[in-house]
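# Notes for the structure review
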Amino acid sequence: MLSYQHAYHAGNFADVHKHLTLFAVADYLLRKKSAITFIDTHAGRGLYPLDRQETQRLKEYRYGIWPLWQARQRLEDSLLGAWLNQLEAAQPCTNALSHYPGSPWWLSRAIRQQDALSLFELHPGEHEQLNTQALPEQTQRIFADGLAGLAKRVPVATPRLCVLIDPSYERKQEYQEVAETAIRALAKTRHAVLLIWYPLLPSGAHQALLNSLKASGVRKLWRSELKQRAQGADQYGMYGSGMLIVNPPWGLDERLASAMAEITPLLGERSQYHSDWLVGE
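Residues numbered from 1 in each chain as written. Predicted model: local features only at pLDDT ≥ 70, side-chain atom pairs only at ≥ 80, totals over all residues. Heavy atoms only, no water.

## Some points on the overall build of the protein chain
When helices and strands are counted, the protein chain shows ten helices and ten strands. The C-alpha atoms of the protein chain give a radius of gyration of 18 Å, which matches the 19 Å a tight globule of 281 residues would have. If one aligns the C-alpha atoms of the protein chain with their principal axes, the spans along those axes are about 45 × 45 × 40 Å. Excluding contacts between residues fewer than 6 apart, the proportion of contacts in the protein chain whose partners are at least 24 apart in sequence is 74%. As presented, the protein chain carries roughly 12,800 Å² of accessible surface, and 49% of it is formed by carbon and sulfur atoms. Charge separation in the protein chain, taken as the distance between the mean sites of 30 positive and 28 negative side-chain charges, equals 4 Å. (Helix = DSSP H or I, 4+ residues; strand = E, 2+ residues; numbered from the N terminus. Rg over C-alpha atoms; globule rule 2.2 N^0.38 Å. Contact = heavy atoms within 4.5 Å. Areas by Shrake-Rupley, 256 points an atom, 1.4 Å probe, with all protein chains shown as cover. Lys, Arg positive; Asp, Glu negative; His and termini not counted. Charge placed at Lys NZ, Arg CZ, Asp CG, Glu CD.)

## As for the sheet that holds strand S6 (residues 160-165)
Pairing is mixed across the open sheet formed by eight strands, whose spatial order is S5-S4-S1-S6-S7-S9-S8-S10. Looking at strand neighbours, the two that pair on one side only are strand S5 (139-142) and strand S10 (272-279), the edges of this open sheet. Ignoring which end each strand starts from, the neighbouring axes of this sheet average 15 degrees apart. In this structure, strand S1 (residues 36-40) lies alongside S6, joined through five bridges in parallel fashion. Bridge pairing links Thr37 to Leu161 in S6. Where helix H1 (residues 13-29) meets the sheet, its contacts fall on S1, S6, strand S7 (193-200), strand S8 (221-227), strand S9 (240-246) and S10, and the angle it forms with S9 comes to roughly 20 degrees. Lying over the sheet, helix H10 (residues 252-266) contacts S8, S9 and S10, oriented at roughly 165 degrees with respect to S10. (Pairing = 2+ DSSP bridges. Axes fitted to C-alpha atoms, helices over the stretch in contact; angles between N-to-C directions.)

## Points about the pattern of salt bridges
If you walk through the whole model with that rule in mind, you get ten salt bridges. Glu88 is the partner of Arg72 in a salt bridge, and the nearest nitrogen-oxygen pair spans 3.1 Å. Taken together, the residues span a long stretch of sequence, with Arg72 in the loop between helix H3 (65-70) and helix H4 (78-88) and Glu88 in helix H4 at a distance of 16 residues. With a closest N to O distance of 2.9 Å, Glu177 and Arg171 form a salt bridge. Judged by relative accessible area, which is 29%, Glu177 ranks as partly exposed. Of the residues examined, Arg171 reaches a relative accessible area of 29% and is grouped as partly exposed. Through salt bridges with shared partners, a single ionic network connects Asp15, Lys18 and Asp166. (Salt bridge = Lys/Arg side-chain N within 4 Å of Asp/Glu carboxyl O. Buried < 20%, exposed > 50% of the residue type's maximum accessible area, 1.4 Å probe, protein only.)

## Some thoughts on unusual backbone geometry
For the peptide bond that leads from Val154 to Pro155, omega is 0 degrees, which places it in the cis range. Non-glycine residue Lys59 carries a positive phi angle of around 50 degrees. With respect to the helices, strands and loops of the structure, Lys59 is situated in the loop between helix H2 (53-58) and H3. Note on Lys59: relative accessible area 37%, which makes it partly exposed.

## Looking at H1
Taking 1.5 Å of rise per residue, the 17 residues of H1 would be expected to cover 24 Å, and the 25 Å separating its terminal C-alpha atoms lies within 8% of that figure. Of all 17 residues in H1, 15 are buried, a share of seventy percent or more. (Expected span 1.5 Å × (residues − 1).)

## Quick notes on the environment of Val178
For Val178, the location among the structural elements is in helix H8 (residues 173-188). Residues Val178 and Pro92 lie 86 residues apart in sequence; the distance between their C-alpha atoms is 36 Å. In contact with Val178, not counting residues within four places along its chain, are Leu147, Ile165, Pro167, Tyr169, Ile196 and Leu209.

## Regarding the nonpolar core
Ranked by internal contacts, the top residues of the largest apolar core, which has 84 residues, are Ile65, Trp83 and Leu209. Top element by residues in this core is H1. It accounts for ten residues. Apart from the residues lying within four places of it in its own chain, the contact partners of Ile65 are Gly11, Val16, Trp83, Leu84, Leu87, Leu97 and Tyr100. (Core = buried A, V, L, I, M, F, W, Y, C linked by side-chain atoms within 4.5 Å.)

## Description of the environment of Ala144
Relative to the assigned elements, Ala144 resides in the loop between S5 and helix H7 (146-153). Taking the C-alpha atoms as reference points, Ala144 and Glu121, separated by 23 residues in sequence, lie 5.8 Å from one another. Residue contacts for Ala144: discarding those within four places in its chain leaves Phe120, Glu121 and Leu122.

## Concerning the side chain of Thr139
In this fold, Thr139 is placed in strand S5. Within the structure, Thr139 has its side chain in polar contact with the backbone oxygen of Pro136 (distance 3.0 Å). (Polar contact = N/O pair within 3.5 Å; in protein donor to acceptor, adjacent residues only side chain to side chain.)

## A look at the pairing of S8
Counting buried positions over the seven residues of S8 gives six, a clear majority of the element. When S8 meets S10, the two strands line up antiparallel, connected through seven bridges. Opposite Trp222, over in S10, you have Trp277 as the bridge partner.

Put into structure tokens, the structure is as follows:
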């Protein structure tokens, strides 16, 4: 299925959670000089103007990045401040929030000359939009399935590997497909850092993904979840955002907890953040 387009959800609370986590991981990895290959399995368009018809239909950014942007001058956490400063660079006018950048933008801002970036996108319209974005020369934009592409590209030529796996989960089978792809990739590149996003839904479908990775033999597996509201059996739709990190950088849990302490009050009184180690630490 190729019906999903992220423009309808750009800048929502899940994007805040996902991209702040990605930013924190990349910031840590780039402290060492050795080259990194970054792979984004579901890249999307790369940049989302907030005034587009699709984004304006739901206006989910109003309950995600918008309150953080409005409060950015008084936020004190250093990680959150650095991330929002980067966000300003995506705006034609730095005083106005008019665009929200997707993961290709965040990764392209991070990479150095010695690094490589591979962006996979299977949706023809999204890939066409991605091709219009100005990205570093060491970036590959690949019109293909990202999970299959990741399986073919490991092991990579660089000493280190960081992968963002961020599907739409339109099909229930995707949870197991993500788990199987991650396990195969780790078998060939044991020290790879994998970031896996998943939605929190009343069905609890994500639990199969968590269980598969916990049972896979990974040595370090950390979970981070941002809930916009409490789970309810009578409710519909996504109530929270989850991130699984395989081989997370040291101190990531504390850095994100500090940032989330400032974020959650801005997202509403029912917003909650939780993290824990599923394997290791």
